[in-house]
2 protein chains.
Amino acid sequence: MRVIFNEELKQVADDLDRMAQDVSRAIHGAGDALLKSDVEAAQTVIDGDIEIDALESSVIDQCIRLLAKQSPVATDLRVIVSTLRLSATFERMGDLARHIAETARRTYPQPTLPPETQQLFTEMQEFLDMTADRLVSMLSDRDAQTAERIIVDDDQLDQLHHQTFDLALSDEWTGSKQQMIDMVLLARFMERLGDHAVSAARRVVYIVSGFDPTKEPAGEDPD
Amino acid sequence: MRVIFNEELKQVADDLDRMAQDVSRAIHGAGDALLKSDVEAAQTVIDGDIEIDALESSVIDQCIRLLAKQSPVATDLRVIVSTLRLSATFERMGDLARHIAETARRTYPQPTLPPETQQLFTEMQEFLDMTADRLVSMLSDRDAQTAERIIVDDDQLDQLHHQTFDLALSDEWTGSKQQMIDMVLLARFMERLGDHAVSAARRVVYIVSGFDPTKEPAGEDPD
């Protein structure tokens, strides 16, 4: 019985890995859509979000089936509950990447943002691309060190996010009002992607630590 | 055994009701902070968010204990899993109300937004106040009709949200760049509060319907 249970747990873990990979692809694609006006990349991200949502439903179903059939306790139980939370986090990250892609598609063939923002948003995107890659390896290897790096480094993204406001308020800003609106929202979406990555990382640290209560994530969405 | 289980389920349901009440108070308070420059209301919302977070932790703990001790199946199991999701939704709503209150506190004693926005934001706030009240009664009565109204009416909030962009782009707009940034973010926070209320309502419909799969919420965060 135990063996079957662990096999089924492995199946849901595989689906969660797949979610992380899909989210990572969506983050990279949203960056191409926004910074390179790549409308095909935008469309791929938008279309691909359905798959992420479907994977979430599948993960929820599997978790409920495992809970019902196997009555897990202790570690297995906490892994399943954490898996439910992680799948919700990834689903939301897919939405945020889709929002970025939709904004880029709306303004295509014009770039969404004025040229003076390019460097700053490129830095934010490079940060998010790195975080996305870390997310995948953190998940597939249950690697607490990578998770810790995601948590610690998020400050950098917050600083870049603040710089977007400074830029908008400075004399350097040449954009229209519409571009101001888009920039504020895009920067917010990117910052939220970072927050959700931190949330996922905290949960992985909690799992890997053997559910050390001192490492229990407080509040799903760190702010 | 069954009786004890239902008593414990009642305890966690009570805590969830309390979360809904706290979130409702936070939404009303954030509105007072923003629209009446009520800095005490702002501070109360900001301080109160800790309690909402603590309630979420308590709900999670109780759910995990129930899952471990009672090995619930069928309806009870789905109620517990739905409770976990609802508590995450409410926790996030508390964060959003806090963000609004923090913005109002930052600009105090100046109003955060220019006068031409007052009417539109008052309409949005009235909508959210109504939604907050509905959320509480939906939860305490497990009332699917109220939940359905939350779901159907959310379009109104989305329309008001779009009007904030129209206003910012129009000649009527007299605000500064900083006010533009704040308005875009505040309107986004308010729209998200509505989205989360819809997400909670969908889950309650799903519970009350006896987990009719056709009413299963697809994706935690409707967009």
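Residues numbered from 1 in each chain as written. Chains lettered and ligands numbered in written order. Predicted model: local features only at pLDDT ≥ 70, side-chain atom pairs only at ≥ 80, totals over all residues. Heavy atoms only, no water.

## Remarks on the interface of chain A and chain B
Now for step 1: On the side of chain B, 39 residues touch chain A, which itself brings 39 residues to the contact.
Now for step 2: Interface area for chain A against chain B, summed over the two sides, is near 3,500 Å², with a carbon-plus-sulfur share of 62%.
Now for step 3: Looking only at chain A, the three residues that lose the most surface to chain B are Arg85, Lys177 and Ile181 of chain A, adding up to 16% of its buried area.
Now for step 4: Connecting chain A to chain B are two salt bridges.
Now for step 5: Here Arg85 of chain B ties to Glu56 of chain A by a salt bridge, and the two come within 2.7 Å at their closest N and O atoms.
Now for step 6: Across the contact surface, chain A and chain B share seven residue pairs in polar contact (both at pLDDT 80 or more).
Now for step 7: Per-element tally for the side of chain A that touches chain B: the top contributor is helix H3 (residues 74–107) of chain A, with eleven residues. (Contact = heavy atoms within 4.5 Å. Buried area = accessible area lost by both parts, 1.4 Å probe. Salt bridge = Lys/Arg side-chain N within 4 Å of Asp/Glu carboxyl O. Polar contact = N/O pair within 3.5 Å; in protein donor to acceptor, adjacent residues only side chain to side chain. Helix = DSSP H or I, 4+ residues; strand = E, 2+ residues; numbered from the N terminus.)

## Here we look at the UniProt feature "domain: PhoU" (unreviewed entry) in chain A
Residues and elements named next belong to chain A.
Now for step 1: UniProt feature "domain: PhoU" (unreviewed entry): in the numbering of this structure it lies at residues 16–103 and 122–204.
Now for step 2: Across residues 16–103, the secondary structure splits into 93% helix and 0% strand, with the terminal C-alpha atoms separated by 27 Å.
Now for step 3: In the segment residues 122–204, helix accounts for 89% and strand for 0%; the C-alpha atoms at its two ends are 28 Å apart. (UniProt positions renumbered as here; feature names shortened; annotations may be inferred.)

## What to know about the pattern of salt bridges
Now for step 1: On inspection of all chains with the given rule, the structure shows 28 salt bridges over all chains.
Now for step 2: Taking the shortest distance from any N to any O, the salt bridge between Arg106 of chain B and Asp182 of chain B comes out at 2.7 Å. You can see Arg106 of chain B sitting in helix H3 (residues 74–107) and its partner Asp182 of chain B sitting in helix H6 (residues 177–208), a full 76 residues away along the chain.
Now for step 3: In this structure Arg106 of chain B comes out as partly exposed when scored by relative accessible area, which is 49%.
Now for step 4: On the basis of relative accessibility, which here comes to 4%, the residue Asp182 of chain B falls in the buried class.
Now for step 5: Connected through shared salt-bridge partners, Asp49, Arg92, Asp95, Arg98 and Glu102 of chain A make up one network. (Buried < 20%, exposed > 50% of the residue type's maximum accessible area, 1.4 Å probe, protein only.)

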